[in-house]
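Take a look at the letters that make up each chain.
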Amino acid sequence: MNGEPVPVSPSLDFAPLALSADDDLPADIVLLLVYHRLPPDVAEGLAAGLRIFPHLTGRIVEGDPPVLVPDPARVIRLETAASDEAMLPEDFSKLPFDELSARFAPNGRDGSLFSAKRVDFPRTGTATLCLRISHRVVDGTGLGLFLAHATAASRGGAAPPVIHDRAALAPPSAPPHGVPAGYLECPDGLAPAPDVLAAGTPLWFAVRVTGAANMPGAEGGISSMRNHLAAWLCGETARIHPAFRQVAVWCGTRGNGGAPHTYTGNAGCYLHLDISGDDALLARSIQSLASRSGLARARETHRDVLRLLAAGRAVRWCGPRDDLLQLNLLSPPVEVADFGAGRPAFALLLARNSSGLRISPGVCGTRFLIEATLPPGVAAALAKAGAERGLDIDVWGG
């Protein structure tokens, strides 16, 4: 049953903040966190986070560029509900996507840039907290920084100062090297085609670390396992659906001369890798993106795009396209999501701006979670192929 919304924060005052081209992401971030226990004072923590992220209480005025401004009428409230079901955190992987969204996500229909919902299960003590945050205001790292500030008092720790100003993206003054590979110039300002697949229902499945560890070449720890698993998943997806010829890997560009580590907006670019049929080669290519040269390549690609945009040239990524399989390697911000009674036991992203494959470590450290949003039938065939390969596949949501 639904309870009374709990006030969290009135609209906060802040200087108007212009958004960047990187912030053009229409779908919100919707993060579902499930806890064995959740203290009653979560609203106080969320209010503390909003004081550091006041823009989330405002609104966006569209323009060139769009600008975040205060919204005097806005009041942020925590939706609440309770259920007499005896749910445990491990039971959430059995629920279909549509049910997870319908029951646990905040409504998001009032135009708010931030909303939250808590659902308690008194019979077991389990509780959920689901956050819906505008992806135009923060990215995944920004969400993690918000949670760090929201939980700092409960954890007895500190959270780093953050940078919201999009001027922090400005690259050093230098001419661009040209339009980067994987990007194109649109003099008429043509918008990219919508990623139709991204609006579909994904297939989620878990791969146990013990299964990924048996993949050839996957020695060397979790990172190596993840990269070899990602390469096999991309290669097998292309074998099932041969239209995919390249992998478009999303690369964040914080640090190493890119955006500051504590920058809260969106910062990154796509780098393309060929799907040659040699999974070991693709694994090495994916691994190389985390090397010094790979980080420099991402940084320079992003810088060139920003420099071209600053010069008035309409440059954008060349996708989505039928021959590009998108890959996103994620780490949901669960480490700092402890409101005083322990970290989440389950975490899941319920929205996306892109199709393809998203791979994240499970919060228990014993499995990888794969989200496959692919052409009809391909995701199910991929999960079946993984099971036949001995990857110990566990399909979620039914």
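Residues numbered from 1 in each chain as written. Predicted model: local features only at pLDDT ≥ 70, side-chain atom pairs only at ≥ 80, totals over all residues. Heavy atoms only, no water.

### So, the overall build of the chain
When helices and strands are counted, the chain shows eight helices and 18 strands. In terms of C-alpha radius of gyration, the chain reaches 21 Å, essentially the compact-globule figure of 21 Å for 398 residues. Taken over the C-alpha atoms alone, the chain extends approximately 55 × 50 × 35 Å along its principal axes. For the chain, the proportion of its 398 residues judged to be buried stands at 53%. Sequence-distant contacts in the chain: of pairs separated by 6 or more residues, those separated by 24 or more amount to 78%. (Helix = DSSP H or I, 4+ residues; strand = E, 2+ residues; numbered from the N terminus. Rg over C-alpha atoms; globule rule 2.2 N^0.38 Å. Buried < 20%, exposed > 50% of the residue type's maximum accessible area, 1.4 Å probe, protein only. Contact = heavy atoms within 4.5 Å.)

### Notes on helix α8 (residues 378–388)
Taken residue by residue, α8 has Val378, Ala379, Leu382, Ala383, Ala385 and Gly386 as its buried positions. Across the axial projection of α8, the buried residues extend over an arc of 160°, all falling on one side. Opposite the packed face of α8, turned more than 90 degrees from it, sit the exposed residues Lys384 and Glu388. Looking at the buried side of α8, the elements it contacts are β10 (203–208), α5 (222–240), β16 (356–361), β17 (367–373) and β18 (393–395). Backbone geometry just downstream of α8 places Gly390 in the positive-phi region, at approximately 85°. (Arc of directions from axis to C-beta.)

### A word on the sheet that holds β16
Backbone-to-backbone hydrogen bonds pair the strands of a sheet. The strands run either parallel or antiparallel. Read across the open sheet, the seven strands follow the order β12-β11-β14-β16-β17-β10-β18; overall the sheet is mixed. What marks the edges here is a single partner per strand, and that holds for β12 (268–274) and β18. Between one strand axis and the next, the sheet turns through 25° on average, direction left out of account. The pairing of strand β11 (residues 246–252) with strand β14 (residues 324–329) spans four bridges and is parallel. The partner of Gln246 across the bridge, within β14, is Leu324. On top of the sheet, α5 reaches β10, β11, β14, β16 and β17; it is set at about 160° to β14, its chief contact. (Pairing = 2+ DSSP bridges. Axes fitted to C-alpha atoms, helices over the stretch in contact; angles between N-to-C directions.)

### Observations regarding the sheet that holds strand β2 (residues 17–18)
Spatial strand order, β2-β5-β4: three strands in an open sheet with antiparallel pairing. Two strands close off the open sheet at either side, each with one partner strand: β2 and β4 (59–61). Here three bridges tie β4 to strand β5 (residues 67–69), and the two strands are oriented antiparallel to one another. The residue of β5 that forms the bridge with Arg59 is Val69.

### Some remarks on the environment of Leu32
With respect to the secondary-structure elements, Leu32 resides in strand β3 (residues 29–35). Sequence spacing of Leu32 and Leu295 is 263 residues, and the spatial spacing of their C-alpha atoms is 30 Å. In contact with Leu32, not counting residues within four places along its chain, are Leu100, Phe104, Thr128, Leu129, Cys130, Phe346, Ala347, Leu348 and Leu350.

### Quick look at the pattern of salt bridges
The tally for this structure, following the rule as stated, stands at 22 salt bridges. With its nearest N and O atoms 2.8 Å apart, the salt bridge here joins Glu185 to Arg313. With a gap of 128 residues between them, Glu185 in strand β9 (residues 183–185) and Arg313 in the loop between α7 (292–310) and β13 (315–317) connect regions that are remote in the sequence. We classify Arg313 as partly exposed; its relative accessible area is 35%. (Salt bridge = Lys/Arg side-chain N within 4 Å of Asp/Glu carboxyl O.)

### Observations regarding the packing of helix α1 (residues 42–52) against helix α3 (residues 140–155)
Where α1 meets α3, the closest approach of the two axes is 7 Å, and the angle between their N-to-C directions is 125°. As summarised for this structure, α1 and α3 are arranged oblique, according to the angle between their axes. The element α1 and its partner α3 pack so that their crossing is right-handed. Two secondary-structure elements touch here, α1 through Gly45, Leu46, Ala48, Gly49, Leu50 and Ile52 and α3 through Phe146, His149 and Ala150. A class-by-class count of the residues in the contact of α1 with α3 yields six nonpolar, three polar and no charged. (Parallel < 35°, antiparallel > 145°, perpendicular 65-115°, else oblique. Left-handed = near helix turned anticlockwise from the far one by under 90°. Nonpolar A, V, L, I, M, F, W, Y, C, P; charged D, E, K, R; others polar.)

### A look at the packing of α5 against α8
Two numbers describe a pair of packed helices, the interaxial angle and the distance between the axes. Look at α5 against α8: their axes get within 10 Å of each other, and the N-to-C directions meet at 125°. Considering their axes alone, α5 and α8 lie oblique with respect to each other. By crossing handedness, the relation of α5 to α8 is classed as right-handed. Across the interface between the two elements, Trp232, Leu233, Glu236, Thr237 and Ile240 from α5 touch Val378, Ala381, Leu382, Ala385 and Gly386 from α8. Broken down by class, the residue content of the contact of α5 with α8 amounts to seven nonpolar, two polar and one charged.

### Remarks on the nonpolar core
In terms of nonpolar packing, the biggest core is built from 51 residues, with Phe205, Leu233, Leu327, Leu357, Ile370 and Leu374 touching the most fellow members. Considering each element in turn, this core owes the most residues, eight residues, to α5. Sequence-distant contacts of Leu327, defined by excluding residues within four places in its chain, comprise Ala230, Cys234, Val247, Ala248, Val249, Trp250, Ile286, Leu357 and Ile359. If you look at the next biggest cluster of nonpolar residues, it comprises 42 residues, including Val8, Leu17, Leu19 and Ala347. (Core = buried A, V, L, I, M, F, W, Y, C linked by side-chain atoms within 4.5 Å.)

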